[in-house]
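Chains, contacts and geometry: an overview
Chain by chain, the residues:
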Amino acid sequence: MNAPHDTKSRPGAFRLYGPQFQTSPAELYRQMRAQYGPVAPVLLEGDVPAWLVIGYRELHHVLSHPEVFARSSRRWNAWDLIPENWPLRPMVMRTPTVLFAEGEEHRRRAGAISDALAGADQHEVRQYATQAADRLIDGFCTASKADLRASYAARLPAVVLGRLYGLDQERADVLAEAMTTMVDGGPDAVRAQQFLLKTMGELVAARRRRPGNDVVSRMINHPAALRDEELIPDLVVVLGGGHQPTTEWLGNTLRLMLTDDRFAASLTGARRSVREALTEVLWEDTPTQNYLGRYAARDVELGGQLIRTGDLLLLGLAGANSDPRINSGPDAQGWGNQAYLSFSHGEHRCPYPAQELAEIIVTAGVEVLLDRLPDVELAVGADELRWRPSPWMRGLVALPVVFTPVPPLGGQ
Ligand code: HEM
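These numbers come from a predicted model, not from an experiment. (Residues numbered from 1 in each chain as written. Predicted model: local features only at pLDDT ≥ 70, side-chain atom pairs only at ≥ 80, totals over all residues. Heavy atoms only, no water.)

For the rest of this paragraph, the subject is the sheet that holds strand 4 (residues 69-70). With mixed pairing, the 6 strands of this open sheet are ordered in space as 1-2-3-9-6-4. Lying at the two open borders of the sheet, with one neighbouring strand each, are strand 1 (14-15) and strand 4. As judged from the 3 bridges shared by strand 3 (residues 48-53) and strand 9 (residues 312-315), these two strands associate in the parallel manner. Across the sheet, L52 pairs through a bridge with L314, a residue of strand 9. Contacting strand 2 (39-44), strand 3, strand 4, strand 6 (291-296) and strand 9, helix 3 (residues 56-64) crosses the sheet at an angle of about 115° to strand 9. (Pairing = 2+ DSSP bridges. Helix = DSSP H or I, 4+ residues; strand = E, 2+ residues; numbered from the N terminus. Contact = heavy atoms within 4.5 Å. Axes fitted to C-alpha atoms, helices over the stretch in contact; angles between N-to-C directions.)

For the rest of this paragraph, the subject is the packing of helix 5 (residues 103-118) against helix 12 (residues 228-259). The geometry of helix 5 relative to helix 12 is characterised by a closest axis approach of 12 Å and an angle of 60° between their N-to-C directions. By the angle between their directions, the pair helix 5 and helix 12 is classed as oblique. The handedness of the crossing between helix 5 and helix 12 is right-handed. Facing helix 5, whose interface residues are E105, R108, R109, I113 and L117, helix 12 presents E230, D234 and V238. Residues belonging to the contact of helix 5 with helix 12 are distributed by class as follows: 3 nonpolar, no polar and 5 charged. (Parallel < 35°, antiparallel > 145°, perpendicular 65-115°, else oblique. Left-handed = near helix turned anticlockwise from the far one by under 90°. Nonpolar A, V, L, I, M, F, W, Y, C, P; charged D, E, K, R; others polar.)

Let us now look at the pairing of strand 2. Burial within strand 2 is extensive, with 6 of its 6 residues counted as buried. Side-chain alternation along strand 2 places V39, P41 and L43 on one buried face and A40, V42 and L44 on a second face that is also buried. Alignment of strand 1 against strand 2, held across 2 bridges, turns out to be parallel. Paired with F14 across the strands is V42, a residue of strand 2. Relative to strand 3, strand 2 is paired through 6 bridges, and the arrangement is antiparallel. If you follow V39 over to strand 3, its bridge partner there is V53. As consecutive antiparallel partners, strand 2 and strand 3 are separated by 3 residues, and within that stretch G46 has a phi angle of approximately 80°, a positive value. (Buried < 20%, exposed > 50% of the residue type's maximum accessible area, 1.4 Å probe, protein only.)

On to the side chain of E248, then. Its place among the elements puts E248 in helix 12. For E248, the side chain forms a polar contact with the side chain of Q244, separated by 3.1 Å. If we skip the residues at most four places from it in the chain, E248 touches R149, P287, R388, M393, R394, G395 and L396. (Polar contact = N/O pair within 3.5 Å; in protein donor to acceptor, adjacent residues only side chain to side chain.)

Taking 1.5 Å of rise per residue, 12 residues should cover 16 Å, and helix 2 (residues 25-36) covers 16 Å from first to last C-alpha, within 8% of that figure. Buried positions along helix 2 lie against strand 1, helix 1 (20-23), strand 2, strand 3, strand 8 (305-307) and helix 15 (317-321). Phi turns positive one or two residues past the end of helix 2, at G37, with a value near 85°. (Expected span 1.5 Å × (residues − 1).)

The next point concerns the site of the ligand. Lining the immediate environment of the ligand, one finds 26 residues, of which H106, R294, S344, H348 and C350 sit closest. Here R294 contributes a side-chain N or O atom positioned 2.6 Å from an oxygen atom of the ligand. With respect to the ligand, the side chain of S344 contributes an N or O atom lying 2.5 Å from an oxygen atom. Secondary structure elements with two or more residues in the shell around the ligand: helix 12, strand 6 and helix 17 (352-372). Ranked by residues supplied to the shell around the ligand, first place goes to helix 12 with 6 residues. Across the shell around the ligand, the residue classes tally to 16 nonpolar, 8 polar and 2 charged. Counting the residues that make up the shell around the ligand, at least three belong to each of domain 1 (1-88 + 289-341) and domain 2 (102-285 + 345-412). (Near = heavy atom within 4 Å. Domains from an automatic or database assignment.)

On to the coordination of the iron atom of the ligand, then. No other protein atom reaches the iron atom of the ligand as a donor apart from C350 (SG), found 2.3 Å away. Mapped onto the secondary structure, C350 falls in the loop between helix 16 (330-333) and helix 17. (Donors = N, O, S within 2.8 Å, 3.2 Å for Na, K, Ca; no water.)

Before going further, it helps to spend a moment on the domain arrangement of the protein. Domain boundaries in the protein define domain 1 (1-88 + 289-341) and domain 2 (102-285 + 345-412). Each of domain 1 and domain 2 has a C-alpha centre, and the two are 26 Å apart. Every contact between the two is made by 35 residues of domain 1 and, on the other side, 24 residues of domain 2. Counting the surface lost from both domain 1 and domain 2, the interface buries some 2500 Å², and carbon and sulfur atoms represent 57% of this. Inspection of the domain 1/domain 2 interface yields 2 salt bridges. (Buried area = accessible area lost by both parts, 1.4 Å probe. Salt bridge = Lys/Arg side-chain N within 4 Å of Asp/Glu carboxyl O.)

Right, dumping it as structure tokens:
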């Protein structure tokens, strides 16, 4: 498959883009590990150099030492290689978001996000998620087939997050589409990001005038006293950073349950294994397979490589989860073990209340679907399912299913 690449700048580096992500990135990570060990030189689009950290211990070390592996892209030593229209620019752009904040400023902003999300009543979130799932299923349940990714998994998280922001379903759908475009990093990525910033600006102005019981108002009224230039980009981060991985978590869990005999019991009523499926996906097909990134604050040795000041390190979350030094598969340790790095680790990790919200949304998404369409099954062979070509997110292009039509519930 993807043979290591020779370039002048970095002989032997692996290209971190291209069709191999549509087939088996796990194989690619195995090849990298065999050739380089836990820290592999890679090339991003346009042959921009970076390091991919795929060793579990090494990644844990990087995430635990923000003073050495820092978050702000102002430290990057490759800015002069980056064209204005570089497709990954939204991931590195120095917008003043919580993602690039460091130290005390990061604690203040991440604290406000965490508190605003924690302020959502979990019982209510479960209700929102269940109602939204029912409403989405109403949209296709009278037909005998559907694409569960497009019509369900790619909409449910945005609708629930939109509801937590106080938005209606239609506006949440528009945002969901823009977020997918931005995260996929294609030619429209920059435009999508600008659209999201503009929409959030309008929402903040509206909530400042008339606060409500929602995440946006809680962030506005938080003691951190965030200014609009902090609030607006951070609201995009929460929405975009929440929607996309939760979509893939739901889609990948449904795929697992529809393709793997071990979960067939759940499809006929037993719910015992929904949670196991959720956890197994985080180990095996984690939604954020790679994440960009950290920047070396000084020259440092890591996993046998010399990392130079300002070098970009990518978090190889999927690679680290499958590090044979810690992961010997489900038979040895069971999938109940939650030591995966899927939500990252350390001070920039996915906030705990966000992780809980995501789990509520995905669990409701699976359970409601199985309740409503108990005989749902794949419309194609498991090996015909295609993965999206993104090296960042691990998710399906489509999840086509067939089922016996049922009447809509309506009225919610
Ligand atoms: C309700 C859904 C979610 C919300 C609102 C959310 C929100 C966030 C926020 C605000 C951050 C930035 C944290 C910071 O820089 O301080 C973040 C980071 C992150 N989230 Fe989530 N998230 C959600 C779901 C998920 C899911 C399902 C996954 C994957 C399974 C995930 C994986 C990550 C990762 C890998 C990071 C990067 C952390 C780092 O830089 O080390 N998130 N999330």
